[in-house]
Amino acid sequence: MIVRPLVDQERIIRELEALAEFSDTPKPAITRILYTKPDLEARAYLKGLCQEAGLNLREDGLGNIFARWEGSAPELPAVGTGSHFDAIPYAGMYDGTVGVLGGLEAIRSLQRSGFKPYRSIELLIFTAEEPTRFGIGCLGSRTLAGVLSPDSLRQLKDQEGRTLEEVRWEAGYMGPLEDVRLPQGYYSAFVELHIEQGPLLEQEQVPLGIVTAIAAPAALRVELEGVGGHAGTMLMPDRRDALCAAAEIILGVEAFAKNSGSINTVATTGFCEVYPNAVNSVPSRVKLEIDIRDVEQSRRDQVIRNVIQGVEQVCTRREIKYSVDIINVDPPAKAGSEVLKALVASCGEAGVKFKLMVSRAYHDSLFMARIAPTAMLFIPCRGGVSHRPDEYASPEDIARGTYVLALTLAKLSLAEDKTASKEDPVLVDD
């Protein structure tokens, strides 16, 4: 069957602009935090667009939104696409939203072309991919995949001490958390369209990236306790300066990542809290939070071990008390081979050059890959910039990605009653 999706480029851009109006900060900065007024207004807007497209809507107890185009074999596992629409403070208007509105337009373009799905095609709009409110990323997809239990969700509190249970009820989401997890086999395949959030596609002038693996983060919290005192009267030989120990640890984190043997290993000490944080006082306590990522779990985990050992060595030598807590350790994801084949074939059919690549940022697809064969499609973003007000993707790139996504969804929808394989992915060590 020849499929020619009819993508309305101007409509996607209009809808992206309209969605950007729902924000706690004035444009171009976008701030949209879970269950706040802009979040709820954005949800209503997106649900309205889905209803206009004739899609069947449902929401779960966390607020994940499912918009389904019923196929002729509705009993079979559906083909899924989608992304998130929340935004960290002072972010841009394309992160996640391109995959939401591009996914919706991909479905509408197939509808306009006269395509009839065999498997149902479903747009999944994830709740809270960003960790802004409750300190944990991919809240919706983690729960859908069974990684985050209902009991764990009930323990979550925001910075004001309000529980997830309390704020979701206020937002109108009262469904049981036990019903959020999707059953195995719910989707036959899942594809997420997203801006790259990096510079490679633009630098190499390649229109599309097909993601073969998603790096997973590990997060460590390190707490150091030394001895504080007056900056003028504490002599240098007597000092047990917690910040000096932290400085060594931070440089060690950088060195361990650089020396891992792979460009795909990255490590960042992105949080440093110093007490008492006064210019004339020797720091007595420091809290660090460290992010370590790789597409290869064994290599990532070796860096974690090196960092923990390094903390022990530095603190023993400097007579600093310490603790290291592992906040989370998620395994990387590799793309499903049949989904990759469909993406590659669709690029060929569209006559679009592509690059096989890895994603060093993590996405909801990292967790969807646990319950369905999954892959991602990247479009360029200007300068590789993301999570900033000047984040930008061109209308042409968005439309191109949407077109290839539509072709891919059509191919996966027409697949026979055989679940796309999660085995034997093509993996490039980019």
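Computed from a predicted structure; not experimentally measured. Starting from 1, residues in each chain are numbered consecutively following that chain's sequence as written. Reporting of local features is limited, given that this is a predicted model, to residues whose pLDDT is at least 70; pairs of side-chain atoms are given and counted only at 80 or more, and all residues count toward the totals for whole chains, interfaces and linings. To obtain the side-chain values, all non-hydrogen atoms of the structure were used and water was disregarded.

Peer 1: Looking at this structure, how should I read the overall build of the protein chain?
Peer 2: The helix and strand inventory of the protein chain stands at 12 helices and 17 strands. For 430 residues, the compact-globule formula gives about 22 Å, and the C-alpha radius of gyration of the protein chain, at 23 Å, lands near that figure. Overall size of the protein chain, expressed as C-alpha extent along the three principal axes, is 80 × 45 × 40 Å. Relative to its full complement of 430 residues, the protein chain shows a buried share of 54%. Two residues qualify as a contact provided that any one of their heavy atoms is within 4.5 Å of a heavy atom in the partner residue. Across the protein chain, every contact between residues at least 6 apart in sequence was considered, and the portion connecting residues at least 24 apart equals 80%. Working definition of accessibility: Shrake-Rupley area with a 1.4 Å probe, residue cover restricted to the visible protein chains. Looking at the protein chain as shown, the accessible area adds up to about 18000 Å², and 51% of this sits on carbon and sulfur atoms. Of the charged side chains in the protein chain, 46 are positive and 60 negative; the average position of the first set lies 1 Å away from that of the second. The numbering of helices and of strands both runs from the N terminus, where a helix is a DSSP run of H or I of at least 4 residues and a strand a run of E of at least 2. Each radius of gyration reported is based on C-alpha atoms, and the globular scaling rule is 2.2 Å times the count of residues to the power 0.38. Whether a residue is buried, partly exposed or exposed follows from its accessible area with a 1.4 Å probe, protein chains only, as a fraction of its type maximum: under 20%, in between, or over 50%, in that order. We score Asp and Glu as negative and Lys and Arg as positive, and we do not count His or the chain ends. Working definition for charges: the position is that of NZ of Lys, CZ of Arg, CG of Asp or CD of Glu.

Peer 1: Which parts of the structure should I look at to understand the packing of helix α1 (residues 9-20) against helix α2 (residues 37-52)?
Peer 2: A packed helix pair is summarised by two numbers, namely the angle formed by the two axes and the spacing between the axes. Axis geometry follows a simple rule: fit a line to the C-alpha atoms, using only the stretch in contact for helices, then measure angles between N-to-C directions, giving values from 0 to 180 degrees. Where α1 contacts α2, the axes come no closer than 10 Å and their chain directions differ by 155°. Relative to α2, the element α1 lies roughly antiparallel. Contacts between α1 and α2 pair Arg11, Glu15, Ala18 and Leu19 from the former with Ala42, Tyr45, Leu46, Leu49 and Glu52 from the latter. Residues are grouped as follows: Ala, Val, Leu, Ile, Met, Phe, Trp, Tyr, Cys and Pro are nonpolar; Asp, Glu, Lys and Arg are charged; every other residue, Gly included, is polar. In terms of residue class, the contact of α1 with α2 is built from six nonpolar, no polar and three charged. Just so you know how the angles are binned, under 35 degrees is roughly parallel, over 145 roughly antiparallel, 65 to 115 roughly perpendicular, and the rest oblique.

Peer 1: Explain the environment of Leu144 to me, please; I cannot follow it from the model alone.
Peer 2: Examined against the element boundaries, Leu144 turns out to sit in helix α4 (residues 139-144). Note: C-alpha distance between Leu144 and Glu166 (22 residues apart in sequence) is 20 Å. Other than its neighbours up to four places away in sequence, Leu144 contacts Asp60, Asn64, Phe66, Leu124, Phe126, Val180, Arg181, Leu182 and Ile371.

Peer 1: Would you take a moment to explain the sheet that holds strand β13 (residues 285-294) for this structure?
Peer 2: If you walk across this open sheet you meet the four strands as β11-β13-β9-β14, and the pairing is antiparallel. In this open sheet, the two strands that pair with only one neighbour each are β11 (266-275) and β14 (321-329). Direction aside, the axes of adjacent strands within the sheet are offset by 15° on average. Between any two strands, at least two bridges found by DSSP are needed for them to pair. Bridge count between β11 and β13: nine bridges; the pairing is antiparallel. If you follow Cys272 over to β13, its bridge partner there is Leu288.

Peer 1: Whenever I open this one, the packing of aromatic side chains confuses me. Can you help?
Peer 2: Centre distance and the angle of the planes are the two values used to describe a pair of aromatic rings. The pairing test for Phe, Tyr and Trp rings, Trp by its six-membered ring, is centres within 6.5 Å, and the orientation test on the planes gives stacked under 30 degrees, edge-to-face over 60, and tilted for anything in between. All told, the structure shown has eight aromatic pairs when counted by the stated rule. Ring plane angle 45° and centroid distance 5.7 Å describe the contact between Phe22 and Tyr45, whose orientation is recorded as tilted. Residue Phe22 is found in the loop between α1 and β1 (30-32), and its partner Tyr45 is found in helix α2; the two are separated by 23 residues along the sequence. Between Phe126 and Phe190 the ring centres are 5.9 Å apart and the planes differ by 65°, which places this aromatic pair in the edge-to-face class. A residue pair is termed long-range when its members are at least 10 positions apart, and Phe126 in strand β6 (residues 121-126) and Phe190 in strand β7 (residues 187-195) qualify at 64 residues.

Peer 1: Looking at this structure, I do not really get a nonpolar patch on the surface. What am I missing?
Peer 2: A contiguous nonpolar patch, built from Ile308, Ile326 and Val329 and spanning about 210 Å² of accessible area, is present on the exposed surface. Take Ile326: it is sitting in strand β14. Under the relative-accessibility criterion, Ile326 is labelled partly exposed at 46%. Here, patches come from residues exposed beyond 30% relative accessible area and free of salt bridges, joined within 9 Å for like charges and within 5 Å for nonpolar side chains (Val, Leu, Ile, Met, Phe, Trp, Tyr). Throughout this description, the term salt bridge denotes a Lys or Arg side-chain nitrogen within 4 Å of a carboxyl oxygen of Asp or Glu.

Peer 1: For this particular structure, what's the right way to read the environment of Arg133?
Peer 2: Within the secondary structure layout, Arg133 lies in the loop between β6 and α4. Between the C-alpha atoms of Arg133 and Lys341, which are 208 residues apart in sequence, the distance is 37 Å. Excluding anything up to four places from it in sequence, Arg133 contacts Ile33, Leu34, Tyr35, Thr36, Lys157, Asp158, Gln159, Arg162 and Val167. Within the structure, the side chain of Arg133 is placed 3.0 Å from the side chain of Asp158, a separation counted as a polar contact. Polar contacts, as used here, are pairs of N or O atoms within 3.5 Å; protein pairs need one atom able to donate a hydrogen and one able to accept it. Residues neighboring in sequence count only if both atoms are side-chain atoms.

Peer 1: Looking at this structure, how should I read the pattern of salt bridges?
Peer 2: Tallied over the entire structure, the rule returns 32 salt bridges. For Glu41, the salt bridge is made with Lys37, and the minimal N-O distance between the two is 2.5 Å. Of this pair, Glu41 and Lys37 both sit in helix α2, four residues apart, roughly one helical turn. On the basis of relative accessibility, which here comes to 30%, the residue Glu41 falls in the partly exposed class.

Peer 1: Quick question: what am I supposed to make of the confidence of the model for the protein chain here?
Peer 2: Low-confidence regions, as indicated by low pLDDT, have predicted coordinates that should not be scrutinised in detail. The score called pLDDT rates the predictor's confidence residue by residue, from a low of 0 to a high of 100. Mean pLDDT over the protein chain stands at 95; residues scoring 70 or higher make up 97%. Under a pLDDT of 50 for its full length, residues 419-430 has, in the predicted model, 45 contacts with residues more than four places off or in other chains.

Peer 1: Can you help me understand α1 in this one?
Peer 2: Side chains that are three or four residues apart share a direction in an α-helix, a result of its 3.6 residues per turn. Its 12 residues place the ends of α1 17 Å apart at the C-alpha level, agreeing with the 16 Å of an ideal helix rising 1.5 Å per residue. Buried within α1 are the following residues: Arg11, Ile12, Glu15, Leu16, Leu19 and Ala20. Residues of α1 that are buried make contact with β1, α2, α3 (97-113) and α12 (395-413). Regarding α1, its N-cap is Asp8, as a side-chain oxygen of that residue lies 3.4 Å from the backbone nitrogen of Glu10 further along. Working rule for helices: expected span equals 1.5 Å times residues minus one.

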